[in-house]
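Descriptive structure summary
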Amino acid sequence: MDKAVQLTGLTRPEMLSFVETLGEPAYRGRQLFAALQNRRLRSFDDITDLPKDFRGQLNEIARAATLKIESRYVSDDGTRRYLMKTHDSLPVETVFIPEERRDTICFSSQSGCPLQCTFCLTAQLGLLRSLTAGEIVEQIQVALNDAYGVGVKPPRGTNLVAMGAGEPLLNLDQLLKALRVMADPQGMHIVPNRVTVSTAGVVPRILDLANTSDRPHLAISLAAPTDELRNELMPINKRWPLDELLSACKVFEKTLKPAERLTFEYVMLDGVNDSDEQARQLANLLNRHTIKSKVNLIPHNAADPLPYQPSSDERVDRFKNILESKGIHTYVRRPRGRDIFAACGQLAARQTTLNTRIQIGAN
Ligand code: SAH
């Protein structure tokens, strides 16, 4: 990098130490933290309540923003996708999903992804690199500023899901740091209770997360009820097979709050993992491990060149009914933003030529 300090990734105490090293009083650190994290300003020059000399000094040695917005796509259903570039020109994608009672921001933990799930488009990029805490925080700021205006307090609650590009549990330290920064009441004040991290099943990190205080919620991507099929669809299963994965989930379950559930995500692939028999196998698997959980069925989002089609609505309903008849709470997730390549598994730095694309200048 660019040796400059990326200030969006600093916690408030770190910001105070940072300004101290510059010989500034602590209140300047609080001012700077609030400007970046609460007012979501992305340039030191906009922090006009700081002395001009200090702003000049900051411009020399630090950065208030590093992600550059390349394009923005708006779906018919109101979902927005941002394609950004890091300082070293790697793609970062974020999706803003407005709902009646809350907004959900789906952010990326890595540029690309090292896992090779056969149904996911992001896999085709490979891992470019893990994102820093600052780059994670910035994604949320960009989405909120675009949706509501710079620094405007969102009218609804904001939920975050680490379900964009990348495997969040392969970047757990930076992810948790970003969550600490965002939880600060003097900043965006988005607490871990509003955050869900989705994993393909990095067992040791699931156990670490279980031991983390103030942790986010956890979702596990299953996609198959047997090792045989899961090995094929999600090669990470060869390293941590279903039995190990569910044993880790059982440990995690012990840390759930009374109303909290572990979520299992199950992408529905036509003729591959959606039969009655597979529904029964899935129910038996979850019941055998007696985990307090719910299942989200996600209709597959097709994308060239992925070799799958989504299951029909009837199939999804029938699958759901079988799970429910065996006592498993099951929900069907409505895909959002498919038309702009913003839906699950479609983030692969695509530049679509649709007229929904709106070019915006650098930040
Ligand atoms: N690596 C993490 C987070 C990113 S994927 C994980 O695997 O959980 C987020 C969710 O999208 C996962 O549940 C994944 O199974 C699902 N998904 C991936 N590709 C998809 C596709 N093409 N259609 C629908 N869901 C998909």
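Quick note: structure is the one above.
In this report, the structure presented in the accompanying data block is examined. (Residues numbered from 1 in each chain as written. Predicted model: local features only at pLDDT ≥ 70, side-chain atom pairs only at ≥ 80, totals over all residues. Heavy atoms only, no water.)

Looking now at empty space enclosed by the protein. Evaluated as defined, the whole model comprises two cavities of 30 Å³ or more. Roughly 530 Å³ of internal volume is contained in the largest cavity. Along its surface, the largest cavity is lined by 32 residues, and F119, C120, M163, S221 and G345 are the ones closest to its centre. Those elements giving two or more residues to the lining of the largest cavity turn out to be β10 (195-199), β12 (262-268) and β13 (293-299). Top contributing element to the lining of the largest cavity by residue count: β12, with three residues. Classifying every residue of the lining of the largest cavity by side-chain character gives 20 nonpolar, nine polar and three charged. The wall of the second largest cavity is formed by P91, V92, E93, S111, G112, L125 and A165. (1 Å grid on protein atoms, 1.4 Å probe; cavity = no way out; pocket = protein on both sides within 12 Å on 5 of 7 lines; lining within 4 Å. Points joined across faces, edges and corners; volume = space filled by probe spheres on them. Helix = DSSP H or I, 4+ residues; strand = E, 2+ residues; numbered from the N terminus. Nonpolar A, V, L, I, M, F, W, Y, C, P; charged D, E, K, R; others polar.)

For the rest of this paragraph, the subject is the layout of surface pockets. In this structure, the largest pocket encloses a volume near 1100 Å³. Lining the largest pocket are 38 residues, with R102, T104, V161, N296 and R333 positioned closest to its centre. Looking at the lining of the largest pocket, the elements with two or more residues in it are β5 (91-98), β6 (102-106), β9 (157-162), β10, β11 (217-221), β13 and β14 (329-332). In terms of residue count, β13 provides more of the lining of the largest pocket than any other element does, four residues in total. Looking at side-chain class alone, the lining of the largest pocket contains 19 nonpolar, ten polar and nine charged residues.

Applying the stated rule across the entire model yields two aromatic pairs. Ring centres of F96 and Y148 lie 6.2 Å apart, and the angle between their planes is 80°; this geometry places the pair in the edge-to-face category. With F96 in strand β5 and Y148 in helix α4 (residues 133-148), the pair connects residues that are 52 residues apart, well separated along the chain. Grouping residues by exposure puts F96 and Y148 together as buried. For R12, the ring lying beneath its charged end belongs to F33, and the centroid distance is 6.0 Å. (Phe/Tyr/Trp six-rings, centres within 6.5 Å; stacked < 30°, edge-to-face > 60°. Buried < 20%, exposed > 50% of the residue type's maximum accessible area, 1.4 Å probe, protein only. Lys NZ or Arg CZ within 6 Å of the ring centre and 35° of its normal.)

To continue, consider the side chain of R72. Within the element layout of this structure, R72 appears in strand β3 (residues 68-74). For R72, the side chain forms a polar contact with the side chain of D146, separated by 2.9 Å. (Polar contact = N/O pair within 3.5 Å; in protein donor to acceptor, adjacent residues only side chain to side chain.)

Another point: the site of the ligand. Lining the immediate surroundings of the ligand are 19 residues, of which F119, G166, S198, S221 and N301 lie closest. At 2.6 Å from an oxygen atom of the ligand is found a side-chain nitrogen or oxygen belonging to S221. Between the ligand and H300 there is a distance of 3.2 Å, counted from a nitrogen atom to a side-chain nitrogen or oxygen. The pocket occupied by the ligand, as judged from atoms lying within 2 Å of grid points, is the largest cavity. Looking at the shell around the ligand, the elements with two or more residues in it are β10, β12 and β13. For the shell around the ligand, a count of residues per class yields nine nonpolar, eight polar and two charged. (Near = heavy atom within 4 Å. Sits in = over half its atoms within 2 Å of the grid points.)

Remark: helix α6 (residues 203-210) packs on helix α9 (residues 242-253), axes separated minimally by 9 Å, with the N-to-C direction vectors making an angle of 5°. Put simply, α6 runs roughly parallel to α9. Here V203, I206, L207, L209 and A210 of α6 lie close against α9, whose contacting residues are E244, L245, A248, V251 and F252. (Axes fitted to C-alpha atoms, helices over the stretch in contact; angles between N-to-C directions. Parallel < 35°, antiparallel > 145°, perpendicular 65-115°, else oblique. Contact = heavy atoms within 4.5 Å.)

Let us look at unusual backbone geometry. Geometrically, the link from D304 to P305 is a cis peptide bond, its omega value of 0° lying close to zero. Inspection of the secondary structure puts P305 in the loop between β13 and α11 (313-325). For R40, which is not glycine, the phi dihedral falls at a positive 55°. With respect to the helices and strands, the residue R40 is situated in the loop between α2 (26-37) and α3 (52-61). Even without a glycine there, the phi angle at T290 is positive, about 40°. When you line up the elements, T290 lands in the loop between α10 (276-288) and β13.

Next up on the list: the pattern of salt bridges. The final tally for this structure, using the stated rule, is 21 salt bridges. Across the pair R28 and E24 runs a salt bridge whose closest N-O atoms are separated by 3.6 Å. R28 gets classed as buried once you look at its relative accessible area, which sits at 12%. Classification of E24 as partly exposed rests on a relative accessible area of 22%. Ionic pairing is found between R318 and D276, a salt bridge with its closest N-O pair at 2.9 Å. In this pair, R318 sits in helix α11 while D276 sits in helix α10, placing the two residues 42 residues apart along the sequence. On the basis of relative accessible area, R318 is assigned to the partly exposed category, the value being 43%. Residues participating in the shared-partner salt-bridge network are R72, R80 and D146. (Salt bridge = Lys/Arg side-chain N within 4 Å of Asp/Glu carboxyl O.)

As a further point, take α9. In a regular helix each residue adds 1.5 Å, so twelve residues correspond to 16 Å; α9 covers 16 Å between its end C-alpha atoms and thus fits that length. Of all the residues in α9, the buried ones are L242, L245, L246, A248, C249, F252 and E253. The arc that holds the buried residues of α9, viewed along the axis, is 155°, so those residues lie on one side. If you follow the buried residues of α9, they end up packed against α6, β11, α7 (227-233), α8 (236-239), β12 and α10. (Expected span 1.5 Å × (residues − 1). Arc of directions from axis to C-beta.)

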